[in-house]
Protein chains: 2
Amino acid sequence: MKTRDRILHVSLLLFNEEGESHQTAVDISNALDISPGNLYYHFKGKDAIIRTLFDRHDAEMKIILNGARGRLAQIEDSWIYLYILLEEIYDFRFFYRDLGLLLDRYPDLAVRFRGITGQMRHALVDMFDELTAGSVLRLDPRLRDVLTDQVMTTLTFWLAEDRLNTDRHDGPSLIHKTVLQVMCLLPPYMGEEGVDALAGLFEHYDRVTA
Amino acid sequence: MKTRDRILHVSLLLFNEEGESHQTAVDISNALDISPGNLYYHFKGKDAIIRTLFDRHDAEMKIILNGARGRLAQIEDSWIYLYILLEEIYDFRFFYRDLGLLLDRYPDLAVRFRGITGQMRHALVDMFDELTAGSVLRLDPRLRDVLTDQVMTTLTFWLAEDRLNTDRHDGPSLIHKTVLQVMCLLPPYMGEEGVDALAGLFEHYDRVTA
DNA sequence: GTCTATAAATGGATAGAC
DNA sequence: GTCTATCCATTTATAGAC
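An account of the accompanying structure is given in this report.

The rules behind the values
Per chain, residue numbering runs from 1 following the sequence as it is written. Working convention: letters from A go to chains and numbers from 1 go to ligands, in the order in which they are written. The model is predicted, so local features are restricted to residues of pLDDT at least 70 and side-chain atom pairs to those at 80 or more, both for listing and for counting; the totals for chains, interfaces and linings are taken over all residues. Only heavy atoms go into the side-chain values, all of them from the structure, while hydrogens and water stay out. Runs of H or I in DSSP of at least four residues are treated as helices and runs of E of at least two as strands, each being numbered from the N terminus. A simple rule labels every residue: compare its accessible area, found with a 1.4 Å probe on the protein chains alone, to the largest value its type can have, and call it buried under 20%, exposed over 50%, or partly exposed in between. We call two residues contacting when some pair of their heavy atoms lies within 4.5 Å. Accessible areas in this description were obtained via Shrake-Rupley with a 1.4 Å probe; residue shielding takes into account the shown protein chains only. What counts as a disulfide here is a pair of cysteine sulfur atoms lying within 2.5 Å. Superposition of the copies was done by least squares, using only C-alpha atoms of residues whose pLDDT is at least 70 in both. We call a residue near a given molecule or strand whenever any one of its heavy atoms falls within 4 Å of it. Polar contact is defined as a pair of N or O atoms within 3.5 Å, subject to the rule that within protein one atom must be able to donate a hydrogen and the other to accept it, and that residues adjacent in sequence are counted only when both atoms are side-chain atoms. A quick way to say it: buried area is the sum, across both parts, of accessible area lost when two parts are put together, with a 1.4 Å probe. Here a salt bridge means any side-chain nitrogen of Lys or Arg lying within 4 Å of a carboxyl oxygen belonging to Asp or Glu. Polarity classes work like this: nonpolar for Ala, Val, Leu, Ile, Met, Phe, Trp, Tyr, Cys and Pro, charged for Asp, Glu, Lys and Arg, and polar for all others, with Gly in that last group.

## A few points about the overall build of chain A
Step number 1: Assigned secondary structure in chain A consists of eleven helices and zero strands.
Step number 2: Ordered by position in the sequence, the α and β elements of chain A form the string α-α-α-α-α-α-α-α-α-α-α.
Step number 3: Counting over 210 residues, chain A shows a buried share of 54%.
Step number 4: Relative to all contacts within chain A whose residues are 6 or more apart in sequence, the contacts with residues 24 or more apart total 70%.
Step number 5: Of the roughly 9,600 Å² that chain A leaves accessible, carbon and sulfur atoms contribute 53%.

Following this line, the structure appears as structure tokens:
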């Protein structure tokens, strides 16, 4: 593995585990057993590392968010889709745990991040529209937008929120919990089947976390 | 106005407007036209200022959160209550915009903040239970908890989220939008009246933001 | 590519005069 | 209570040898 890649790999690890703001350029080079000078040879600094990591996340998110188009006709599809999305976000969790800080330190990333949330929002609206078109949901446009806002808040801040709790979840169970939280918003708009759907959600959740 | 109070006043202003992390002890003393040394005479540093500001917020939140007990029997009461809560949070918005950062810089505040969210959560559960007891809502305990989680996420991160948008709201309209977002979660559980309630919510929102 | 050594920049903090 | 001057710590960043 080339040094450049090792730097990226270990940085992501450290950022995710210890928090980006706690890791200095020297910490990263220590963890890699290389000198700070060497690190600076490969990257202009922590900034450049973060930007490169963001590039990856951005590219992966684009693929995920575009890949959904017209394929979320069933409730089960949305369910699985959410897992995929949350897992991708989880892989770059350091970013979502300090969004505010990072985005005003790197205004260029802020612009691109807004691009991601824009696409994410779009994907959600498409999903709701498809489900509505297929009579799975009954949702007027106005309500759909409020619901989208609600889901966007959750998808953006679930990781930041977990950090505030005393008893933190591990990755998988946090993802489960968050998917449940989002899916629980839908049954009220599913008509008759909503009641069963809700029971199914809780059952699945209990089974998975048991 | 005593220097000590001026420091607190101006610090809150600066933190809210420019962001806490951008303001150094020297910036604050400059804004006040006093020397850094003088500032350090009154407070051990930025830490001590932040702690004192947090004390205020904490005390005010305690009053608000305890004051609700048994007084939220009607939907309209919850509505007003939310406004009061959001306005208090807005007054100390610098805190909520960088929660993660602040809480791991000051672990003692993290503990106290968890106290606040715990009380907030409790107040919400009480509110839902009262509304359910009064047959305003139909909500089983399990669903109530998920709904509480959902509302907590919104109440904790509405300010952080606004920061991510290109077109930022001003204070009042952001508060309106957030109250709407929360209240829109309830109509599905209001039975027949839910439909009217929802229409009422949208109408009110449009009227206020027009 | 990688090292060591060191400079430069920032922000937090204190000593001592007035 | 308030000021000036100064120090200290941390972290980023570079120069030059190997």
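## Comments concerning the environment of B:Met190
All names here are of chain B.
Step number 1: Following the sequence through the fold, methionine 190 ends up in the loop between α10 (171–183) and α11 (193–209).
Step number 2: Separated by 173 residues in sequence, methionine 190 and glutamate 17 place their C-alpha atoms 40 Å apart.
Step number 3: Excluding anything up to four places from it in sequence, methionine 190 contacts Ile75, Val136, Leu137 and Ala197.

## Structural notes on the state of the cysteines
Step number 1: Tallying each qualifying case throughout the model produces zero disulfides over all chains.
Step number 2: Here B:Cys184 is not disulfide-linked; the sulfur of A:Cys184 is the nearest cysteine sulfur, at 18 Å.
Step number 3: Given the relative accessible area of 3%, B:Cys184 is considered buried.

## Structural notes on the relation of the copies chain B and chain A
Step number 1: Rotating chain B by 180° and translating it 0.0 Å along the rotation axis places it on chain A, where the RMSD comes to 0.1 Å. The superposition operator between the copies reduces to a two-fold rotation axis. Residues of chain B ranked by C-alpha distance from the rotation axis are headed by B:Pro188, positioned 2.8 Å from it.
Step number 2: Interface residue correspondence from chain B to chain A reaches 100%, placing this contact among same-surface, isologous pairings.

## What about the protein's contact with DNA strand D?
Step number 1: Close to DNA strand D lie 15 residues, the nearest being A:Tyr40, B:Thr3, B:Ser35, B:Asn38 and B:His42.
Step number 2: The contact atoms of DNA strand D, taken as those within 4 Å of the protein, divide so that sugar and phosphate hold 69%.
Step number 3: Between DNA strand D and the protein, one listed contact pairs a phosphate oxygen with a side-chain N or O atom of A:Tyr40 at 3.4 Å.
Step number 4: In this structure, a sugar or linking oxygen belonging to DNA strand D sits 3.0 Å away from a side-chain N or O atom of B:Asn38.
Step number 5: Every element with two or more residues in the surface near DNA strand D is listed here: α2 (25–32) and α3 (36–42) of chain A together with α3 (36–42) of chain B.

## Here we look at the interface of chain B and chain A
Step number 1: Contacts between chain B and chain A engage 36 residues on the former and 36 residues on the latter.
Step number 2: Summing both partners gives a buried area of about 3,300 Å² for chain B against chain A, and 59% of it is carried by carbon and sulfur.
Step number 3: Between A:Asp149 and B:Lys177 there is a salt bridge, with its nearest N and O atoms 4.0 Å apart.
Step number 4: Linking chain B with chain A are 16 residue pairs in polar contact (both at pLDDT 80 or more).
Step number 5: When contributions to the side of chain B that touches chain A are tallied by element, the ones reaching two or more residues are α7 (99–105), α8 (107–133), α9 (141–164), α10 and α11 of chain B.
Step number 6: Of all the elements, α9(B) adds the most residues to the side of chain B that touches chain A, at 14 residues.
Step number 7: Taken together, the residues of the side of chain B that touches chain A break down into 17 nonpolar, ten polar and nine charged.

## Here's the deal with the protein's contact with DNA strand C
Step number 1: Around DNA strand C lies a shell formed by A:Thr3, A:Asp33, A:Ile34, A:Ser35, A:Gly37, A:Asn38, A:Tyr41, A:His42, B:Thr24, B:Ala25, B:Tyr40 and B:Lys44.
Step number 2: Taking the atoms of DNA strand C that fall within 4 Å of the protein, sugar and phosphate contribute 70% of them.
Step number 3: Sort the elements by how many residues they give to the surface near DNA strand C and α3(A) lands first, with four residues.

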